[in-house]
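# Structure assessment
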Amino acid sequence: MLVRISEIPDEGMAVEGTEAFPRPFADLSWRLENVSLSVQKDRADVTVQGRLEARVPQTCARCLDPYQIAVAPEIDARFVPAPSGRAEEHELLADDLETDVYSGDTLDLASLIETETTLALPMKPLCRADCRGLCPVCGTSRNTTACSCTTRVADPRWAPLEALAGRLAK
């Protein structure tokens, strides 16, 4: 959804529901379930606040099973006009790191929704906190099958150190 900055009323505008965003995500398997945004203009700056809810398919980092995760990030973004021409160098302050830019007279809210959803995803996705992962010997999922493997396969990268330890023990 593209918002024209010049058309934002003085009292701001509200964007409610998913109808305004027919395809907010590049990945069509992601689902936007709810969105409630308030867009306010303060001279040339624009603030977007609100909340969204989305469901995103993930793959567990331990057992490799697919699962869905629900994310509900709070949105609090400030946009300023992109500088024209070559700007002088200056040190960024903490407030500058939380500011984004828009160019021209448009602001893409769908892009903001995709960014906020992506940032809300876990760095290490787990299907559940007590996921037991895969057996390193046979590869079976320890969540569904009791593994009967007793020997651990040695990591070949440790072979030179094991050989050194054997020579030093003699």
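Calculation criteria
Residues numbered from 1 in each chain as written. Predicted model: local features only at pLDDT ≥ 70, side-chain atom pairs only at ≥ 80, totals over all residues. Heavy atoms only, no water. Salt bridge = Lys/Arg side-chain N within 4 Å of Asp/Glu carboxyl O. Helix = DSSP H or I, 4+ residues; strand = E, 2+ residues; numbered from the N terminus. Buried < 20%, exposed > 50% of the residue type's maximum accessible area, 1.4 Å probe, protein only. Core = buried A, V, L, I, M, F, W, Y, C linked by side-chain atoms within 4.5 Å. Contact = heavy atoms within 4.5 Å. Pairing = 2+ DSSP bridges. pLDDT = per-residue confidence, 0-100. Patch = residues over 30% accessible without salt bridge, like charges linked within 9 Å, V, L, I, M, F, W, Y side chains within 5 Å. Areas by Shrake-Rupley, 256 points an atom, 1.4 Å probe, with all protein chains shown as cover.

## Quick notes on the pattern of salt bridges
By the definition in use, this model includes 7 salt bridges. In this structure, D45 and R78 form a salt bridge, with 3.7 Å as the shortest nitrogen-oxygen distance. Of this pair, D45 sits in strand β4 (residues 45-59) while R78 sits in strand β6 (residues 74-81), and the two are 33 residues apart along the sequence. The exposure class of R78 is partly exposed, given its relative accessible area of 25%. Between R128 and D130 there is a salt bridge whose closest N-O contact spans 2.9 Å. A relative accessible area of 38% places R128 in the partly exposed class. With a relative accessible area of 54%, D130 lands in the exposed category.

## Considering the nonpolar core
One finds F21, L37, V46, V48 and L109 to be the most contacted residues of the largest nonpolar core, which totals 32 residues. Elements that contribute at least two residues to this core include exactly β3 (31-42), β4, β5 (66-71), β6 and α1 (109-120). Looking at this core, the element that brings in the most residues is β4, giving 5 residues. Excluding anything up to four places from it in sequence, L109 contacts M1, V3, V15, F21, L37, V39 and V48.

## Remarks on the environment of I69
Take I69: it is sitting in strand β5. Among the residues examined, I69 registers a relative accessible area of 18% and is labelled buried. A C-alpha to C-alpha distance of 8.8 Å links I69 and P125, two positions 56 residues apart in sequence. Each residue touching I69, except ones within four places of it in the same chain, is listed here: A54, R55, V56, Q58, L121 and P122.

## Re the environment of V15
Within the secondary structure, V15 sits in strand β2 (residues 13-16). Classification of V15 by relative accessible area gives buried; the value is 3%. In this structure, the C-alpha to C-alpha distance between V15 and M1, residues 14 residues apart in sequence, is 9.9 Å. Discounting residues that sit within four places of it in the chain, V15 has contacts with M1, A20, F21, V35, S36, L37 and L109.

## Overview of the pairing of β6
In the sheet, β4 pairs with β6 via 6 bridges, with the strands oriented antiparallel. By the bridge assignment, Q49 is partnered in β6 with D76. Across 4 bridges, β6 lies against strand β7 (residues 99-102) in parallel orientation. What sits directly across from V80, in β7, is V101.

## A look at the confidence of the model for the protein
On average, residues of the protein score 89 in pLDDT, and 91% of them reach the 70 mark or higher. Confidence scores differ between elements of the protein, with β7 showing the lowest mean pLDDT of 82 and β5 the highest of 96.

## Describing a nonpolar patch on the surface
On the surface, W158, L161, L164 and L168 cluster together to form a nonpolar patch covering roughly 440 Å² of accessible area. Mapped onto the fold, L161 is located in helix α2 (residues 159-169).

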